[in-house]
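# Overview (structure and organization)
Spelled out, the chains give:
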Amino acid sequence: MWTCKNRAQYNRDKLRYPSDLTDDEWAYIEPQIPPAKRGGRKREVDVREVVNGIMYVLSTGCQWRYVPKDLPPKSTLHRYFDLWSYNRTLERIHHALYVRCREQEERDTSPTAAIIDSQSVKSAEKGGAHRPARLRCGKEDQRQEAPHSCRHAGLAAACRRASCRHPGS
């Protein structure tokens, strides 16, 4: 809960970016990150800066190419993000933080019950069957369209890539 007592703990004014990790946050996340592989070149990048860069992209929603120059290069950030997604490092970090939050709230680390309301059930029922081929590109019946069924400029390239063609064209 947000109180005057703990407001200073969450103040991020002294950080370079609000998304940067504090020393305490880094101390908790650092053990979750796998060490560099044995052999080969030494890891030259500061992993904390990589995490700060990834947190910057995730918190601001900016594109990789707009990462500020004082963070590691976008290619390095994206490579680590892909690697950590693939080897489930991000999932382990998320789980560790989730468990810590539940412990701070003095709750069981894993919930014992779930609530499903009628809206959740209705939306789950709508997913479903495989779309027939005639529904590509949002057209219900493409046979009624002109030979170039994807008229919009933005859709034209997508349709060519997806082989969205009429039978017999």
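Note that this is a predicted model, so its numbers are computed, not measured. (Residues numbered from 1 in each chain as written. Predicted model: local features only at pLDDT ≥ 70, side-chain atom pairs only at ≥ 80, totals over all residues. Heavy atoms only, no water.)

As a further point, take the layout of surface pockets. Put simply, the largest pocket is a space of about 760 Å³. Along the wall of the largest pocket there are 19 residues; nearest its centre are Gln9, Tyr10, Glu25, Arg100 and Gln104. Broken down by secondary-structure element, the contributors of at least two residues to the lining of the largest pocket are α1 (23-29) and α4 (89-104). Of the residues assigned to the lining of the largest pocket, the class counts are nine nonpolar, five polar and five charged. Of the residues contributing to the lining of the second largest pocket, the split by class is seven nonpolar, three polar and six charged. (1 Å grid on protein atoms, 1.4 Å probe; cavity = no way out; pocket = protein on both sides within 12 Å on 5 of 7 lines; lining within 4 Å. Points joined across faces, edges and corners; volume = space filled by probe spheres on them. Helix = DSSP H or I, 4+ residues; strand = E, 2+ residues; numbered from the N terminus. Nonpolar A, V, L, I, M, F, W, Y, C, P; charged D, E, K, R; others polar.)

Take the packing of helix α2 (residues 47-60) against helix α3 (residues 74-86) next. Packed helix pairs are characterised by how far apart their axes lie and by the angle those axes make with each other. Contact geometry of α2 with α3 gives a least axis separation of 9 Å together with a crossing angle of 90°. Our classification of the angle between α2 and α3 gives roughly perpendicular. Here Val47, Glu49, Val50, Val51, Gly53, Ile54 and Leu58 of α2 come into contact with α3, specifically with Thr76, Leu77, Tyr80, Phe81 and Trp84. Among the residues making up the contact of α2 with α3, the classes are represented as nine nonpolar, two polar and one charged. (Axes fitted to C-alpha atoms, helices over the stretch in contact; angles between N-to-C directions. Parallel < 35°, antiparallel > 145°, perpendicular 65-115°, else oblique. Contact = heavy atoms within 4.5 Å.)

For the coordinates displayed, the defined rule picks out three aromatic pairs. Judged by centre distance (5.7 Å) and plane angle (55°), the ring pair of Trp64 and Phe81 falls under tilted. Linking Trp64 in the loop between α2 and α3 with Phe81 in helix α3, this pair joins segments that are 17 residues apart in sequence. Lying across the ring of Tyr28, Arg100 places its NZ or CZ 4.4 Å from the centre. (Phe/Tyr/Trp six-rings, centres within 6.5 Å; stacked < 30°, edge-to-face > 60°. Lys NZ or Arg CZ within 6 Å of the ring centre and 35° of its normal.)

Here we take up the confidence of the model for the chain. The predicted model of the chain averages 77 in pLDDT, with 69% of residues at 70 or higher. When pLDDT is averaged over each helix and strand of the chain, the minimum, 42, is found for helix α6 (residues 153-161) and the maximum, 96, for α3. Contacts from residues 144-169, a stretch scored under 50 in pLDDT, to residues over four places away or in other chains number 22 contacts. (pLDDT = per-residue confidence, 0-100.)

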